[in-house]
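Understanding the architecture of this molecule
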Amino acid sequence: MRSERLRIADFSGRPLTLADGPEAWETLKDQGEDLLLLGLGPGNGPFLGACASQKLYWLEAPAIRAATQSNQHTPSTWTEVSEEQVLSLFPRARVLFFRQNHFLAPSFWSSLLGRCFALHWQKAQTRAVYIPGNSDMLLHSELVWACRQLGFGPVVEHLAADNEDSLALAFDGRPPAFCLSVNGRGLDVQGRLFALFQALHVPCAIWIVDNPWHVLSRCKLPWWKEADLFVTDPSFIQGLLAEGARHVSYLPLAYAPHMWRPLIDWESSPQPLLFVGRSAFPDKERFFAAVRLPQDLLKQAKILLAKGSTPDIHWWYQHCAVDLWPGTGARLAGAGAEQCSQKNRVRWLEAARDLGCIVVGDKGWQNLLPQVQLRPPVDYYGSLPELYSQALAVLNVTSLQLPQSLNQRHFDVWAAGGLLITDATQGLQLFPDELTREISLHHPAQLPALVARIRQEKQHFQQLKIAWREYLATEHSYHSRLKSLLNSLP
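Structural notes, computed from the coordinates.

1. A closer look at the overall build of the protein chain
What the protein chain contains, in helices and strands, is 21 helices and 19 strands. By residue count, 54% of the 490 residues in the protein chain fall in the buried class. Here the contacts in the protein chain between residues at least 6 apart in sequence split such that 71% fall between residues at least 24 apart. Per element, the accessible surface of the protein chain, about 21800 Å² overall, is 50% carbon and sulfur. Here the protein chain contributes 45 positive and 46 negative side-chain charges, whose respective centroids are spaced 3 Å apart.

Here's what the structure looks like:
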């Protein structure tokens, strides 16, 4: 009968059972004159037993070695080496890596692996950049455009695989100028690509444009704390720093360059009020599938909504006893905030519906807003700018997931020549008060009066459009955002 496998604490203090079969070791390099073992695991078991008669070199992280005492089982034919000796052996050895090393001593191993894989790279950096994604993904086209505006290129957008060899192949072994990842895409969850960038002294920035704790829930390891993080909602900065993040900066969105259109005069005939947006974010049910919201807390939040308050994500964090990271505990608060956010949007859209508002979005709105004038979704890079420019005004309701953030509508509507009406949030403090005070509302009951005023004072609001566009053109392009981001990097 097989003996019980060894269990020790991982980096976060949670118990981890150590694997000991052949699958527990990853082959980092499959050819070489020497055999190098990075991590001994439990120190015994069938796989290491099969290697007992071989001559090999090995290294164990001090913290793991102290917890497992695995070095006590090493045969006399094995030779322990130092980190510096590993760097000498790595280019000419067949290398096996104990997979659970990442969870047991993440800083030790990620740093060492990064240095090992950086050995065969050239030293001189290029103007090439890594911006993982494709044209269908959020912000990707805008950031590629901004890079080229600033003289960077070529832009590598995808790798054959999320590993060190694919990165070296994509850049021909010459370090890029920087890496910019939106929401962590294109970076492996173990953080090995990030560790390689660190070893190459290549800045690696992660621009988190959604709820940071939702984005980071896919990261099982703490490497992200070393990255240069940028968030669109500054209310998350203190929480991220408290969790150990070293560099967190506020970087709002900007207007998309394809949105910019010549400003036209409104036609004399009345145009409709418009709302463009989804009834729920994609894969919402799957993302929150394991969440069971406390019904008493949900009831309390709905009472606050009915009274005109907005129980946003931070309200939910305060009332839910969950760890924000590691794990998916933050999704409990996120599910609550998402329900409240949807109800808040409905609250505003009910007032807008009575004013003849047209909703452009998915069929989910039919159940949420009976008798709504619903139009199918449109292409963001196609006909949306024209819809913005022709509407009497475009209504925005800020997500309670990002209560101090600004979304694309805050910028794009004006760029397209439209007029925005938005709920009043702290995020609007990014803009001058003279631009926001006439188009920001504190309650849906204020909407009819503002819409009536827009219809009566079109020339006044046409001048407001001009003022907004002049301000955005000089301050809030993705060209300027990328410059700000690069200036913030160490």
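2. Quick notes on the packing of helix H12 (residues 295-306) against helix H14 (residues 330-353)
Where H12 meets H14, the axes come as close as 11 Å, and the angle between the chain directions of the two elements is 25°. Classified by the interaxial angle, the pair formed by H12 and H14 is roughly parallel. Between H12 and H14 lies a crossing of right-handed hand. Across the interface between the two elements, Leu-298, Ala-301, Lys-302 and Leu-305 of H12 pack against Gln-339, Cys-340, Lys-343, Asn-344 and Arg-347 of H14. Class assignment for the residues of the contact of H12 with H14 results in four nonpolar, two polar and three charged.

3. Some words on the sheet that holds strand E5 (residues 56-59)
By definition, the strands of a sheet pair up through backbone hydrogen bonds, in either a parallel or an antiparallel sense. One open sheet accounts for five strands, arranged E3-E7-E4-E5-E6; its pairing is mixed. A single partner strand is all that each edge strand has here, and the edge strands are strand E3 (25-29) and strand E6 (78-80). Averaged over all neighbouring strand pairs, the angle between strand axes comes to 25°, with direction disregarded. Pairing between strand E4 (residues 34-38) and strand E7 (residues 93-98): five bridges, direction parallel. Paired with Leu-38 across the strands is Phe-97, a residue of E7.

4. Overview of the nonpolar core
Counting 97 residues, the largest nonpolar core has Leu-38, Trp-109, Trp-224 and Trp-316 as the members making the most contacts within it. Core analysis: the second largest hydrophobic core is formed by 75 residues, Leu-143, Val-182, Leu-420 and Leu-472 among them.

5. Brief notes about helix H8 (residues 192-199)
Buried residues dominate H8, accounting for six of its eight residues. By the burial criterion, the buried members of H8 are Arg-192, Leu-193, Phe-194, Ala-195, Leu-196 and Phe-197. Looking one or two places after H8, you find His-201, whose phi comes out positive at around 60°.

6. Topic: unusual backbone geometry
What is expected of a backbone is that most residues other than glycine have negative phi and most peptide bonds are trans. Here the amide bond leading from Gly-153 into Pro-154 is cis, since omega sits at 0°, within 30 degrees of zero. With respect to the helices, strands and loops of the structure, Pro-154 is situated in the loop between helix H6 (140-149) and strand E9 (155-156). With omega at -5°, the peptide bond leading from Trp-325 into Pro-326 counts as cis. Residue placement: Pro-326 occurs in the loop between helix H13 (313-319) and H14. Non-glycine residue Asp-172 carries a positive phi angle of around 55°.

7. Quick word on the environment of Asn-44
With respect to the secondary-structure elements, Asn-44 resides in the loop between E4 and helix H1 (46-50). Look at Asn-44 and you get partly exposed, because its relative accessible area is 39%. With near-sequence residues (within four places) excluded, Asn-44 lies in contact with Asp-20 and His-73.

8. Details of the pattern of salt bridges
For the structure on display, the rule yields 14 salt bridges. The salt bridge involving Glu-84 is made with Arg-115; its shortest N-O contact spans 2.8 Å. In this pair, Glu-84 is assigned in helix H3 (residues 83-89) and Arg-115 in helix H5 (residues 106-117), connecting sequence segments 31 residues apart. Note that Arg-246 is salt-bridged to Glu-226, the shortest N-O span being 3.3 Å. With Arg-246 in the loop between helix H10 (237-242) and strand E13 (247-250) and Glu-226 in the loop between helix H9 (212-216) and strand E12 (228-231), the pair connects residues that are 20 residues apart, well separated along the chain. When salt bridges with common partners are traced through the structure, they connect Glu-26, Glu-164 and Arg-192 into a single cluster.

What counts as what
Residues numbered from 1 in each chain as written. Predicted model: local features only at pLDDT ≥ 70, side-chain atom pairs only at ≥ 80, totals over all residues. Heavy atoms only, no water. Helix = DSSP H or I, 4+ residues; strand = E, 2+ residues; numbered from the N terminus. Buried < 20%, exposed > 50% of the residue type's maximum accessible area, 1.4 Å probe, protein only. Contact = heavy atoms within 4.5 Å. Areas by Shrake-Rupley, 256 points an atom, 1.4 Å probe, with all protein chains shown as cover. Lys, Arg positive; Asp, Glu negative; His and termini not counted. Charge placed at Lys NZ, Arg CZ, Asp CG, Glu CD. Axes fitted to C-alpha atoms, helices over the stretch in contact; angles between N-to-C directions. Parallel < 35°, antiparallel > 145°, perpendicular 65-115°, else oblique. Left-handed = near helix turned anticlockwise from the far one by under 90°. Nonpolar A, V, L, I, M, F, W, Y, C, P; charged D, E, K, R; others polar. Pairing = 2+ DSSP bridges. Core = buried A, V, L, I, M, F, W, Y, C linked by side-chain atoms within 4.5 Å. Salt bridge = Lys/Arg side-chain N within 4 Å of Asp/Glu carboxyl O.

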